[in-house]
Amino acid sequence: MIRDAGPNVGRPRLSVLRASVQLALAAAVITALSFYARTNVETSGAARPPTSFVPTKPAVQAPPPASVAQFGLAEPGSDPVRVASGRVDTRTGQREDSLTRGDFDTMEAPTLRVTLTRGPSAERPASLFVLVARRAAAGPEIGRAALSVVRTGPYGRIDTKLGAVELLEVTLGGASRRTCTGFVTREAAFRLDGWMCAPLGQPPEAQTVACMIDALSLVDLADLDTTAAFSAAPRNADACAFAKPTAEAASRTGSIAQRARSKK
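Residues numbered from 1 in each chain as written. Predicted model: local features only at pLDDT ≥ 70, side-chain atom pairs only at ≥ 80, totals over all residues. Heavy atoms only, no water.

A. View of unusual backbone geometry. The backbone phi angle of serine 121 is positive, close to 60°, even though this residue is not glycine. Tracing the sequence through the fold places serine 121 in the loop between strand E4 (111-118) and helix H2 (128-137). Even without a glycine there, the phi angle at leucine 200 is positive, about 65°. Within the secondary structure, leucine 200 sits in the loop between strand E8 (191-197) and helix H3 (206-214). (Helix = DSSP H or I, 4+ residues; strand = E, 2+ residues; numbered from the N terminus.)

Pasting the structure below:
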């Protein structure tokens, strides 16, 4: 005997179908939301300007590289001239080019130290005694032993191609002791200072210091004004043997050379 199942026979199938449709719709909604969220993040990220790091303290600016300068001395001598160029003080912005010749401890030969300072306030007047004392104490900076000012003597003044130069007799002491002449320019837009020592512990004559300064040369294409000052004609050319040999000296040299040739 077969019974009629009635209207409830198709309900389980409808329930399964309805559940499948609901799951499919839910999956579609989730996929759509995920795509929308990802697209929104990428768009907002591209539109937002990149965040840059701003330091709380400004970075310390490194000094500009020093230009190449040719600092030299045309005065003849047996000892070579040593030049240290382009040392820039990061605190003041001043540039120093130094020139040295001879050995301070070799009493039989002259010795020289010259420092050219350019930059802010380089031309500001300073005590010559303080300058010499500071340079002497800073000997290790140029590979020399530190010196000290033992005593000072009289002041003087000379005229050079760089203008007026102040002189001061100073006795410097270290392993050896020598009496030298300190000097500093007083009329230039830069500062040239240092000292010169004659042989046998005696100070050089004022004219000797003037001739040495007139024999200094500088070529710096980044500083044409200072280059022009050093290129000026020496004011002491007639008194300096390096600038213009006298006729007597030339005659002696020629006769010596002639005798030397005749002996060959």
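B. The arrangement of the environment of threonine 208 in detail. By secondary structure assignment, the location of threonine 208 is in helix H3. Separated by 31 residues in the primary sequence, threonine 208 and alanine 239 have C-alpha atoms spaced 9.2 Å apart.

C. Structural view of the sheet that holds E4. Taken together, 7 strands build an open sheet; the order of strands is E2-E3-E4-E8-E7-E6-E5 and the sheet is antiparallel. In this open sheet, the two edge strands, each paired with only one partner strand, are strand E2 (81-88) and strand E5 (148-160). Geometrically, the sheet is characterised by an average inter-axis angle of 15° between neighbouring strands, direction not taken into account. Where E4 meets E8, 7 bridges bridge the pair, whose relative direction is antiparallel. Note that in E8 the partner of threonine 115 across the bridge is aspartate 193. Where H3 meets the sheet, it contacts E4, E5, strand E6 (163-173), strand E7 (177-185) and E8, and its direction lies at approximately 70° from that of E5. (Pairing = 2+ DSSP bridges. Axes fitted to C-alpha atoms, helices over the stretch in contact; angles between N-to-C directions. Contact = heavy atoms within 4.5 Å.)

D. View of the state of the cysteines. Counted under the stated rule, the structure contains 2 disulfides. A sulfur-sulfur separation of 1.9 Å characterises the disulfide bridge that pairs cysteine 180 with cysteine 197. The S-S bond linking cysteine 180 to cysteine 197 shows a torsion near 95°; that makes this disulfide right-handed. On the criterion of sequence distance, the pair formed by cysteine 180 in strand E7 and cysteine 197 in strand E8 is long-range, its members being 17 residues apart. (Disulfide = S-S within 2.5 Å.)

E. Inspection of the packing of aromatic side chains at higher detail. The final tally for this structure, using the stated rule, is 2 aromatic pairs. Residues phenylalanine 71 and phenylalanine 230 carry aromatic rings whose centres are separated by 6.2 Å and whose planes lie at 85° to one another, so their mutual orientation is edge-to-face. Highlighted residues: phenylalanine 71 in strand E1 (residues 70-73) and phenylalanine 230 in helix H4 (residues 224-230), separated in sequence by 159 residues. Arranged with centres 5.5 Å apart and planes meeting at 25°, the rings of phenylalanine 190 and phenylalanine 230 form a pair that is stacked. With phenylalanine 190 in the loop between E7 and E8 and phenylalanine 230 in helix H4, the pair connects residues that are 40 residues apart, well separated along the chain. Like phenylalanine 190, the residue phenylalanine 230 is buried in the burial classification. Across from the ring centre of phenylalanine 104, 5.9 Å away, lies the NZ or CZ of arginine 178, which sits over that ring. (Phe/Tyr/Trp six-rings, centres within 6.5 Å; stacked < 30°, edge-to-face > 60°. Buried < 20%, exposed > 50% of the residue type's maximum accessible area, 1.4 Å probe, protein only. Lys NZ or Arg CZ within 6 Å of the ring centre and 35° of its normal.)

F. Examining the pairing of strand E9 (residues 216-219) more closely. Going residue by residue along E9, you find Leu216 and Leu218 tucked away on one face and Ser217 and Val219 left uncovered on the opposite face. Note that E1 and E9 share 4 bridges and pair antiparallel. Bridging across to E9, leucine 73 finds its partner in leucine 216.

G. Molecular detail of the nonpolar core. Membership of the largest hydrophobic core comes to 24 residues, with the highest contact counts inside it found for Val114, Phe183, Leu192, Met212, Ile213 and Phe230. Ranked by residues supplied to this core, first place goes to H3 with 4 residues. Each residue touching isoleucine 213, except ones within four places of it in the same chain, is listed here: Ile158, Thr160, Lys161, Leu162, Val165, Phe183 and Leu192. Core analysis: the second largest hydrophobic core is formed by 13 residues, Phe104, Ala136, Leu168 and Val184 among them. (Core = buried A, V, L, I, M, F, W, Y, C linked by side-chain atoms within 4.5 Å.)

H. Focus on the pattern of salt bridges. In total, this model carries 11 salt bridges according to the counting rule given. Taking the shortest distance from any N to any O, the salt bridge between aspartate 89 and arginine 91 comes out at 3.3 Å. According to the relative accessible area criterion, aspartate 89 is partly exposed, its value standing at 22%. For aspartate 159, the salt bridge is made with arginine 235, and the minimal N-O distance between the two is 2.6 Å. Residue aspartate 159 is located in strand E5, and its partner arginine 235 is located in the loop between H4 and helix H5 (247-263); the two are separated by 76 residues in the primary sequence. Owing to a relative accessible area of 41%, aspartate 159 belongs among the partly exposed residues under this scheme. Each member of the salt-bridge network shares a partner with another, and the members are Arg87, Glu96, Arg135, Arg191 and Asp193. (Salt bridge = Lys/Arg side-chain N within 4 Å of Asp/Glu carboxyl O.)

Functional significance is not addressed by these values, which are geometric in nature.
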